[in-house]
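# Examination of the molecular architecture
Listed below are the residues making up each chain.
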Amino acid sequence: MTDVLEPVLLRSFVAVAQTLSFTRAAERLGVRQGTVSQHVRKLEQAVDRTLFTRDTHTVALTADGEAMVEFATTILDAGDRALAHFRSVQVHGRLRMGLSEDLVVTRLTTILGGFRRRYPGVDLVLTVGLSEALESALDTGDLDLIFAKRSPGRPRGTTVWRDRFVWVSAPGFRLDGGPVPLIAYPRPSLSRASAIAALEGAGMQWRMACTSSSLSGLRAAALAGLGVVAHAETLVPDGLVPVAGLPDLDAFDFTLQTSRRSASPAADAMARAILDSAATLRSGT
């Protein structure tokens, strides 16, 4: 049973559990897909349980796989904390980090708190904003690391998980047959662009009912029944529910991107902390 505790097997398993793709897991880890498959197979043999169901198109966790995610992340986290304790003097300086606002209301706050405790020598400075604006700030050197949305097919960055936009509003909200009342972030915004493109692609008229640069403003407008919001499916704000009768919206990735201008041990440490906790971030538990 000692194989169960081998970090290399656990990291491959967690990467697949987070991405639900052996290909994307291999890309994240910088190894071949066959290597990841071999690691998962060895782990399944060691515990004598099936951790994933998979066919040519999909990968899903079994009930045993869900349980293993918790065990694996706990073991890996303990190892990272032990290393951080002895290496903390080497990780210091200023980390300028950008975050999409919908991520801030998740368990990410717990992860950020844990990072501060592990790396007290790092001065963490957060910027919350729209993904496109954060990416521009990263390109100009004003940020060291961003955790934000990105359209699929754009190769830059490390995918933390795949998501999609869905239409949400207040319980009981109904479309009245007129132009669709839209609640959205200002430009540039992936969710705004996805919503408008979907409506216009379906030949549906729309009107802008509310524009807000904050998620709290969008949520308040939606709860007041002013219209519909295109929002990440895994991070729907409390009180809002799906709305039927509207065209499907785009998929996207939540990605980590680091500055090309300089390497940062602090940025690398933060990226590891987020990747190791991706499963709980995605589920919100």
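This report concerns the structure included in the present document. (Residues numbered from 1 in each chain as written. Predicted model: local features only at pLDDT ≥ 70, side-chain atom pairs only at ≥ 80, totals over all residues. Heavy atoms only, no water.)

## Digging into the overall build of the protein
- Summing up its helical and strand segments, the protein has 11 helices and 11 strands in all.
- Taking 285 residues into account, the globule formula puts the C-alpha radius of gyration at 19 Å, and the protein, at 20 Å, falls close to it.
- With the C-alpha coordinates of the protein rotated into their principal frame, the extents come out at 65 × 45 × 30 Å.
- Going through the 285 residues of the protein one by one, you find that 48% of them count as buried. (Helix = DSSP H or I, 4+ residues; strand = E, 2+ residues; numbered from the N terminus. Rg over C-alpha atoms; globule rule 2.2 N^0.38 Å. Buried < 20%, exposed > 50% of the residue type's maximum accessible area, 1.4 Å probe, protein only.)

## Regarding the nonpolar core
- If you look at the biggest cluster of nonpolar residues, it comprises 47 residues, and the most contacted ones within it are Leu 95, Met 97, Leu 108, Phe 147, Trp 167, Met 270 and Ile 274.
- No other element matches helix H10 (residues 265–276), which puts eight residues into this core.
- Setting aside anything within four residues of it in sequence, one finds Trp 167 in contact with Leu 182, Ala 195, Leu 199, Val 228, Val 229, Ala 230, Val 241, Pro 242, Val 243, Leu 246, Pro 247 and Leu 249.
- Of all hydrophobic cores here, the second largest spans 21 residues; its members include Leu 61, Val 69, Ala 72 and Leu 76. (Core = buried A, V, L, I, M, F, W, Y, C linked by side-chain atoms within 4.5 Å. Contact = heavy atoms within 4.5 Å.)

## Structural notes on the packing of aromatic side chains
- One pass over the structure, following the stated rule, counts eight aromatic pairs.
- Ring centres of Phe 22 and Phe 52 lie 6.0 Å apart, and the angle between their planes is 65°; this geometry places the pair in the edge-to-face category. You can see Phe 22 sitting in helix H2 (residues 22–29) and its partner Phe 52 sitting in strand S1 (residues 52–54), a full 30 residues away along the chain. Accessibility classification places Phe 22 together with Phe 52 in one group, the buried group.
- Geometrically, the ring pair formed by Phe 147 and Trp 161 is edge-to-face, given 6.3 Å between the ring centres and 85° between the ring planes. One end of the pair, Phe 147, is in strand S5 (residues 145–150); the other, Trp 161, is in strand S6 (residues 158–169), and 14 residues separate them in sequence. (Phe/Tyr/Trp six-rings, centres within 6.5 Å; stacked < 30°, edge-to-face > 60°.)

## Description of the pattern of salt bridges
- For the structure shown, the criterion picks out seven salt bridges.
- With a closest N to O distance of 2.7 Å, Asp 144 and Arg 96 form a salt bridge. Here Asp 144 is found in the loop between helix H7 (131–139) and S5, whereas its partner Arg 96 is found in strand S3 (residues 93–100), with 48 residues between them in sequence.
- Its relative accessible area of 22% is what places Arg 96 among the partly exposed residues. (Salt bridge = Lys/Arg side-chain N within 4 Å of Asp/Glu carboxyl O.)

## Structural notes on unusual backbone geometry
- Of the consecutive residues Arg 187 and Pro 188, the connecting peptide bond is found in the cis state with omega at -10°.
- Non-glycine residue Leu 20 carries a positive phi angle of around 50°.
- Relative to the helices and strands, Leu 20 is located in the loop between helix H1 (7–19) and H2.
- Residues other than glycine seldom take positive phi values, yet Asp 48 does so here, at roughly 60°.
- Turning to its location among the elements, Asp 48 is positioned in the loop between helix H3 (33–47) and S1.

## A look at helix H6 (residues 108–118)
- Inspection of H6 places Leu 108, Ile 111, Leu 112, Gly 114 and Phe 115 among the buried residues, and these make up the whole buried set. Viewed end-on, H6 has its buried residues packed into an arc of 160°, placing them on one side of the element. (Arc of directions from axis to C-beta.)

## A look at the packing of H2 against H3
- Remark: H2 packs on H3, axes separated minimally by 8 Å, with the N-to-C direction vectors making an angle of 105°. In terms of orientation, H2 lies roughly perpendicular with respect to H3. Only Gln 33, Val 36, Ser 37 and Val 40 of H3 make contact with H2, whose side of the interface consists of Phe 22, Thr 23, Ala 25, Ala 26 and Leu 29.
- Across the contact of H2 with H3, the residue classes break down as six nonpolar, three polar and no charged. (Axes fitted to C-alpha atoms, helices over the stretch in contact; angles between N-to-C directions. Parallel < 35°, antiparallel > 145°, perpendicular 65-115°, else oblique. Nonpolar A, V, L, I, M, F, W, Y, C, P; charged D, E, K, R; others polar.)

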